[in-house]
Amino acid sequence: MRLARLRGAGFTAGRPLCHGCMSGAEGSARAPVFTIMSAIVQFENVGLRYGLDSETLSDVSFSLHGGGFYFLTGASGAGKTSLLKLLYLAQRPSRGVIRLFGEDVVTLPRKRLPGFRRRIGVVFQDFRLVPHLSVYDNIALPLRVAGMEEAEVDAPVSEMLNWVGLGDRGQARPATLSGGEQQRVAIARAVIARPEILVADEPTGNVDADMASRLMTLFEALNRLGTTVVVATHDLPLMGQVTGAQMMRLDKGRLADPTGALRYPPRSRGSA
Ligand SMILES: Nc1ncnc2c1ncn2[C@@H]1O[C@H](COP(=O)(O)OP(=O)(O)OP(=O)(O)O)[C@@H](O)[C@H]1O
């Protein structure tokens, strides 16, 4: 079923995610082809406390809609990574309600969590590549976990390697790559299986401005195919690059707008 979903989304050999999306050839001004749908993520009065410390996140309430593109911003230590961890189910909140895909995931039995996690692609701030696997095998991992037949793995992986500019590094081990190259492998691995939600924590922190812009174009291409994208970043110009994207700002663990209302980033063409 998963494979059928990947195929349905166009991920078959010879049928790329997006011709030229890494070169910007598609152009970010093109209208999204995917209509924004009902709430896919809902936080209601969520609080998070690590141990006996005071709350890292307090009274966080917001809704994200299927097919949307969202940025999460805020100063260092504001709680961005903590919020994303709640979103990709690496952490349970201390209080409040979190619904993903319409289901309450706070009270969900543990055995059901992996099924939810598989629907979410994550670009971790510290990459978390598997050190003993090649770059190629790291990127192929989600397809293999999803049960894709080996004969079908090569085309999308090779294509993804080229998109992130690592076509000649497929057999390298992660430790032999630069930080920026490892980050691109982490992004390729997160997006290759077309997750329903993509969560990326500072995904452009280690790459130059040109590569950051190209990676954002890749995220936009994925978003146009229906993936809801959530990116934590400090990079305001990058936020303004994505047409129609909205942003939330965290300030010392609280949303700057406690109602959860979203804003358009400065310089976004969608903010007019
Ligand atoms: N596992 C943990 N145990 C205890 N405290 C933690 C843990 N993880 C984060 N914190 C604390 O929570 C606060 C928010 O951290 P978090 O990493 O979520 O912020 P951030 O906005 O992502 O910061 P940055 O932009 O620097 O990555 C910090 O004070 C941090 O020390």
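Per chain, residues are indexed from 1 in the order of the written sequence. Selection of residues for local features in this predicted model requires a pLDDT of at least 70, selection of side-chain atom pairs for listing and counting requires 80 or more, and totals for whole chains, interfaces and linings are taken over all residues. With hydrogens and water stripped out, all remaining heavy atoms of the structure feed into the side-chain values.

The protein chain goes by Cell division ATP-binding protein FtsE in an unreviewed UniProt entry, where it is assigned to Sphingobium wenxiniae. Entered under Subunit (unreviewed entry) in the UniProt record, the comment concerning the protein chain runs "Homodimer. Forms a membrane-associated complex with FtsX." UniProt positions are given in the numbering used here, feature names are shortened, and annotations may be inferred rather than shown by experiment.

Asker: Sorry, what's going on with the layout of surface pockets here?
Answerer: Vacant regions in the atomic arrangement are exposed by a probe of water-molecule size rolled over the atoms. Space inside the largest pocket adds up to approximately 540 Å³. Using only the protein atoms, space was sampled on a 1 Å grid; points where a 1.4 Å probe fits but cannot get out form cavities, open sets with protein on both sides within 12 Å along at least five of seven lines form pockets, and lining residues are those with an atom within 4 Å of a point. Contributing to the lining of the largest pocket are 22 residues, with Arg117, Arg118, Ile120, Gly121 and Pro142 lying nearest its centre. Grid points are joined across faces, edges and corners, and a volume is the space filled by probe spheres set on the points.

Asker: How should helix α5 (residues 150-163) be read in this particular structure?
Answerer: An α-helical turn contains 3.6 residues, so a residue and the one three or four places further along point in the same direction. A rise of 1.5 Å per residue sets the reference length of α5, with its 14 residues, at 20 Å; its end C-alpha atoms lie 21 Å apart and thus fit the reference within 8%. Exposure classes here rest on a 1.4 Å probe applied to the protein chains alone. A residue is buried below 20% of its type maximum, exposed above 50%, and partly exposed in between. In this text, helices come from DSSP runs of H or I with a minimum length of four residues, and strands from runs of E with a minimum of two, each type numbered from the N-terminal end. Of all the residues in α5, the buried ones are Glu152, Val153, Pro156, Val157, Met160, Leu161 and Trp163. Angularly, the buried residues of α5 cover 155 degrees about the axis, an arc narrow enough to put them on a single face. Structural note: α5 exposes Ala151 and Asn162 on the side pointing more than 90 degrees away from its buried face. Among the residues trailing α5, Gly165 stands out with phi positive, at a value near 75 degrees. In this scheme, a helix's expected span is set at 1.5 Å multiplied by one less than its residue total. Picture the helix axis, draw a direction to every C-beta atom, and the arc is the one those directions span.

Asker: Got a minute to help me understand the site of the ligand in this structure?
Answerer: Whether a residue is near a molecule or strand depends on its heavy atoms: if one lies within 4 Å, it is near. All residues adjacent to the ligand are Tyr50, Thr56, Ala75, Ser76, Gly77, Ala78, Gly79, Lys80, Thr81, Ser82, Gln125 and His234. Ser76 is positioned with one of its side-chain polar atoms (N or O) 2.6 Å from an oxygen atom of the ligand. Every accessible area reported is derived by Shrake-Rupley at a probe size of 1.4 Å, with residue values counting cover from the shown protein chains alone. Here the ligand, which alone exposes 640 Å², has 59% of that area covered by the protein. Put simply, Ala, Val, Leu, Ile, Met, Phe, Trp, Tyr, Cys and Pro go in the nonpolar bin, Asp, Glu, Lys and Arg in the charged bin, and everything else, Gly too, in the polar bin. Per-class residue counts for the shell around the ligand are three nonpolar, eight polar and one charged. Here a polar contact is recorded for every N or O atom pair within 3.5 Å, except that within protein the pair must consist of a potential hydrogen donor and a potential acceptor, and residues adjacent in sequence are included only if both atoms are side-chain atoms.

Asker: Sorry, what's going on with the sheet that holds strand β7 (residues 197-201) here?
Answerer: Two modes of strand pairing occur in sheets, parallel and antiparallel, and in both the strands are linked by backbone hydrogen bonds. Between any two strands, pairing holds if DSSP finds at least two bridges. Pairing within the open sheet is mixed, and its six strands lie in the order β6-β7-β8-β3-β9-β10. The two strands at the open ends of the sheet, each matched to only one other strand, are β6 (120-123) and β10 (254-255).

Asker: Just to check I follow, could you spell out the environment of Leu89 for this structure?
Answerer: With respect to the element layout, Leu89 can be found in the loop between α2 (80-87) and β4 (95-100). Residue class for Leu89 comes out buried when judged on its relative accessible area of 6%. The sequence separation of Leu89 and Pro114 amounts to 25 residues, and the corresponding C-alpha distance is 9.1 Å. Between two residues, a contact is recorded if the distance between any of their heavy atoms is within 4.5 Å. What Leu89 contacts, discounting residues up to four positions off in sequence, is Leu100, Val105, Leu113, Phe116 and Arg117.

Asker: Just checking my understanding: could you explain the pattern of salt bridges for this structure?
Answerer: Side-chain pairing between opposite charges can occur once the charged atoms of the two side chains come close. By definition here, a salt bridge exists when the distance from a side-chain nitrogen of Lys or Arg to a carboxyl oxygen of Asp or Glu is within 4 Å. With the rule as written, the count across this model stands at 10 salt bridges. In this structure, Asp137 and Arg144 form a salt bridge, with 2.8 Å as the shortest nitrogen-oxygen distance. A relative accessible area of 25% places Asp137 in the partly exposed class. Residues Arg144 and Glu150 are paired through a salt bridge, measuring 2.6 Å at the closest nitrogen-oxygen approach.

Asker: Please clarify how the nonpolar core should be interpreted in this entry.
Answerer: The nonpolar side chains of soluble globular proteins are, as a tendency, buried together. Among buried residues, those of type Ala, Val, Leu, Ile, Met, Phe, Trp, Tyr and Cys that are joined through side-chain atoms within 4.5 Å constitute a nonpolar core. Membership of the largest hydrophobic core comes to 45 residues, with the highest contact counts inside it found for Phe69, Phe71, Ile139, Val157, Val191, Leu198 and Phe219. A per-element tally of this core places helix α7 (residues 209-224) first, with seven residues. Ignoring any residue separated from it by four or fewer positions in sequence, one finds Ile139 in contact with Val157, Met160, Leu161, Val185, Ala188, Arg189 and Ile192. Membership of the second largest hydrophobic core comes to 36 residues, among which are Ile40, Leu89, Leu100 and Phe116.

Asker: Would you explain the confidence of the model for the protein chain in this entry?
Answerer: Low-pLDDT portions of the prediction should not be read for the details of their coordinates. When pLDDT is averaged along the protein chain, the result is 84; 84% of the residues meet or exceed 70. Below pLDDT 50 for its whole length, residues 1-34 participates in 70 contacts with residues either more than four positions away or in separate chains. Note that pLDDT drops below 50 for residues 268-272; the model gives that stretch 12 contacts with residues more than four away or on any other chain. A residue's pLDDT is the predictor's confidence in that residue, given on a scale from 0 to 100.

Asker: Is there a simple way to explain α2 in this structure?
Answerer: Counting buried residues along α2, six of its eight residues qualify, which places the element largely inside the surrounding structure. Buried within α2 we find Lys80, Ser82, Leu83, Leu84, Leu86 and Leu87. A positive backbone phi angle near 65 degrees is found at Leu89, which sits one or two residues after α2.

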